[in-house]
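Here is how the chains run, residue by residue.
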Amino acid sequence: MSLDRSVLAFAGIMVLLSVVLTAFVSPLFVWLTVFVGLNMLQSAFTGFCPAAMIFRKLGVKPGCAF
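Notes on the structure in this doc start here. Since the structure is predicted, the reported quantities are computational estimates derived from the model, not experimental observations.

1. Observations regarding the packing of helix H1 (residues 3-24) against helix H2 (residues 30-46)
Right, on to step 1. Two elements in contact, H1 and H2, have axes whose closest approach is 8 Å; the angle formed by their N-to-C orientations is 160 degrees. With respect to H2, the axis of H1 lies roughly antiparallel. The element H1 and its partner H2 pack so that their crossing is left-handed. For the pair H1 and H2, the contacting residues are Ala 11, Met 14, Val 15, Ser 18, Val 19 and Thr 22 in the first and Val 30, Leu 32, Thr 33, Val 36 and Met 40 in the second.
Right, on to step 2. Broken down by class, the residue content of the contact of H1 with H2 amounts to eight nonpolar, three polar and no charged.

2. Considerations on the layout of surface pockets
Right, on to step 1. Space inside the largest pocket adds up to approximately 310 Å³.
Right, on to step 2. Sorting the residues of the lining of the largest pocket by element identifies H1, H2 and helix H3 (50-57) as the ones contributing at least two each.
Right, on to step 3. Here the lining of the largest pocket gets six residues from one element, more than from any other, and that element is H2.
Right, on to step 4. Residue classes in the lining of the largest pocket are distributed as 15 nonpolar, two polar and no charged.

3. Focus: H2
Two residues of an α-helix separated by three or four positions point the same way, owing to the 3.6 residues in each turn.
Right, on to step 1. Under the 1.5 Å per step criterion, the end-to-end length of H2 is 24 Å for 17 residues, consistent within 8% with the ideal 24 Å.
Right, on to step 2. Trailing H2 by a residue or two, Gly 47 shows a phi angle of about 80 degrees, which is positive.

The rules behind each value
Residues numbered from 1 in each chain as written. Predicted model: local features only at pLDDT ≥ 70, side-chain atom pairs only at ≥ 80, totals over all residues. Heavy atoms only, no water. Axes fitted to C-alpha atoms, helices over the stretch in contact; angles between N-to-C directions. Helix = DSSP H or I, 4+ residues; strand = E, 2+ residues; numbered from the N terminus. Parallel < 35°, antiparallel > 145°, perpendicular 65-115°, else oblique. Left-handed = near helix turned anticlockwise from the far one by under 90°. Contact = heavy atoms within 4.5 Å. Nonpolar A, V, L, I, M, F, W, Y, C, P; charged D, E, K, R; others polar. 1 Å grid on protein atoms, 1.4 Å probe; cavity = no way out; pocket = protein on both sides within 12 Å on 5 of 7 lines; lining within 4 Å. Points joined across faces, edges and corners; volume = space filled by probe spheres on them. Expected span 1.5 Å × (residues − 1).

Pasting the structure below:
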């Protein structure tokens, strides 16, 4: 799996996890969804993605975007 797909999969998992936590634990977990969404938006414009940096250090092969 490339770095791009790993980052997208991680973002999707985090969004789904935050929805489940919001529904079953506390409505305040909606802020996790907001954080993930804002991070995805800023990385689209700046190219800076902390998750991509972490996955790169873990040895995930590079993709086109990151």
